[in-house]
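Chain by chain, the residues run as shown.
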Amino acid sequence: MTTLTLDPPQGRSTLPFTDARHPQRPLEVNFYRPAAHGPDDEVVFVQHGMLRNGDEYRDFWIEAAEKHNLLIVAPTFGNAHFPQPESYNNGLVVGEDGAIAAQDDWLYAVPGRVLAALRQAGVTRRDKVRLFGHSAGGQFAHRLLATQAETPFSVVFAANSGWYTLPTLERRFPEGLGGLGFGEAELARWLALPMVIFAGDQDIVTGDPSLPSQAEALAQGPMRYARAHFMLDFASKEAARLGLTCNWSLLTVPGIGHDGAAMSRAAAAYWYEGRIPSVEELKPEAMAVA
């Protein structure tokens, strides 16, 4: 049975969600709904990392949610039904046999359908919301923008991604957009979006076992911070070569490594207060959260 509406109570909650295109792969959505939040107030979608810890990522945003009256929505793709990077980071685009799945089955459309279920319940009237993704969630967020002709996300921060899908048709997905049936129009659409690559300047570990280490990833640099710069540089050069506009930017968070909590706090402060807080205020974790 497909979930058509989502109506979270005030405070923290976790509700089941069954996507129409993936009825055998149920997921959960973690929410935080301030008491004062109304249908016209801001909504922030948050995409978790490889640990599939949407509840923790939801909690990273609670302080900002209360301060700025935000509904936090964290779709959570659990390991049981979405194992390995292919089923989350890479959006179920490429099947086990190497074939490209039908576009309607790509996982990147699911957050938009979660928003539709919230709108159906009257929780929000907003048709444009914000998206923050960290680590594997940063991979998910930028590939969502790359592959969806229309999205409800007006502002997207892809934070500390392990590696990137490059804006080129000459390399097969997920390294590029090749094989998806896209042309220059789709490439131009993605490059024109105001996507922000959000990068902690201390995300420089090269031996992290969760750091993608396949040849295509290593070609982008030895660490996540270097790969963020590679992505923007590649995009700028590709756009210039094709005579297209590139509206992407790279925003650095000083003193922060691969830390989902600190990067969440930094994104919230940048969006709603126009600043990047100090390292002390961001309270980096002794053990960073993927």
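Let us look at the structure shown here. Bear in mind that the values here come from a model prediction, so they are computed numbers and not experimental data.

## Concerning the side chain of Thr165
Looking at where Thr165 falls in the secondary structure, it is placed in the loop between β6 (153-159) and α6 (184-192). Within the structure, the side chain of Thr165 is placed 2.5 Å from the backbone oxygen of Pro174, a separation counted as a polar contact.

## Topic: the pairing of strand β4 (residues 71-76)
Within β4, six of the six residues are buried, which leaves it mostly tucked inside the rest of the structure. Every second residue of β4 is oriented toward a common face, with Leu71, Val73 and Pro75 on one face and Ile72, Ala74 and Thr76 on the other, all of them buried. With three bridges joining them, strand β3 (residues 43-47) and β4 adopt parallel strand pairing. Within the sheet, the bridge partner assigned to Val43 lies in β4 and is Leu71.

## Examining the packing of aromatic side chains
Within this structure, the stated rule accounts for 16 aromatic pairs. Aromatic side chains Tyr57 and Phe60 sit 4.9 Å apart centroid to centroid with 65° between the ring planes, which places their arrangement in the edge-to-face category. Separated by three residues within a single helix, Tyr57 and Phe60 lie in helix α1 (residues 54-60), roughly one turn from each other. In this structure an aromatic cluster arises from ring pairing among Trp61, Phe132, Phe157, Phe198, Tyr270, Trp271 and Tyr272.

## Some details on the environment of Phe31
Inspection of the secondary structure puts Phe31 in strand β2 (residues 27-33). Measuring from C-alpha to C-alpha, the distance between Phe31 and Asp59 comes to 8.9 Å, with 28 residues separating the pair along the chain. Sequence-distant contacts of Phe31, defined by excluding residues within four places in its chain, comprise Leu6, Pro8, Gly11, Arg12, Ser13, Leu15, Arg58, Leu71, Ile72, Val73 and Leu118.

## Details of the packing of α6 against helix α8 (residues 224-242)
At a minimum axis distance of 11 Å, the contact between α6 and α8 shows a crossing angle of 130°. When the interaxial angle is binned, α6 and α8 end up oblique. Once α6 is placed against α8, the crossing between them reads as left-handed. For the pair α6 and α8, the contacting residues are Glu184, Leu187, Trp190 and Leu191 in the first and Met231, Ala235, Ala239 and Leu242 in the second. Grouping the amino acids of the contact of α6 with α8 by side-chain chemistry returns seven nonpolar, no polar and one charged.

## Let's talk about unusual backbone geometry
Peptide bonds are, in most cases, trans, and in most cases residues other than glycine have a negative phi. The step from Phe173 to Pro174 runs through a cis peptide bond, and the omega angle for that step is 10°. With a phi angle near 60°, Leu92 is a residue other than glycine that sits in the positive phi range. With phi around 60°, Ser135 is a residue other than glycine that occupies positive phi space. Under the relative-accessibility criterion, Ser135 is labelled buried at 6%.

## Describing the nonpolar core
In this structure, Phe45, Val73 and Val114 are the most contacted members of the largest nonpolar core, which totals 54 residues. In terms of residue count, the dominant contributor to this core is α8 (seven residues). Not counting residues up to four positions away in its chain, the partners in contact with Val114 are Leu6, Phe17, Val29, Phe45 and Val73.

The rules we used
Residues numbered from 1 in each chain as written. Predicted model: local features only at pLDDT ≥ 70, side-chain atom pairs only at ≥ 80, totals over all residues. Heavy atoms only, no water. Helix = DSSP H or I, 4+ residues; strand = E, 2+ residues; numbered from the N terminus. Polar contact = N/O pair within 3.5 Å; in protein donor to acceptor, adjacent residues only side chain to side chain. Buried < 20%, exposed > 50% of the residue type's maximum accessible area, 1.4 Å probe, protein only. Pairing = 2+ DSSP bridges. Phe/Tyr/Trp six-rings, centres within 6.5 Å; stacked < 30°, edge-to-face > 60°. Contact = heavy atoms within 4.5 Å. Axes fitted to C-alpha atoms, helices over the stretch in contact; angles between N-to-C directions. Parallel < 35°, antiparallel > 145°, perpendicular 65-115°, else oblique. Left-handed = near helix turned anticlockwise from the far one by under 90°. Nonpolar A, V, L, I, M, F, W, Y, C, P; charged D, E, K, R; others polar. Core = buried A, V, L, I, M, F, W, Y, C linked by side-chain atoms within 4.5 Å.

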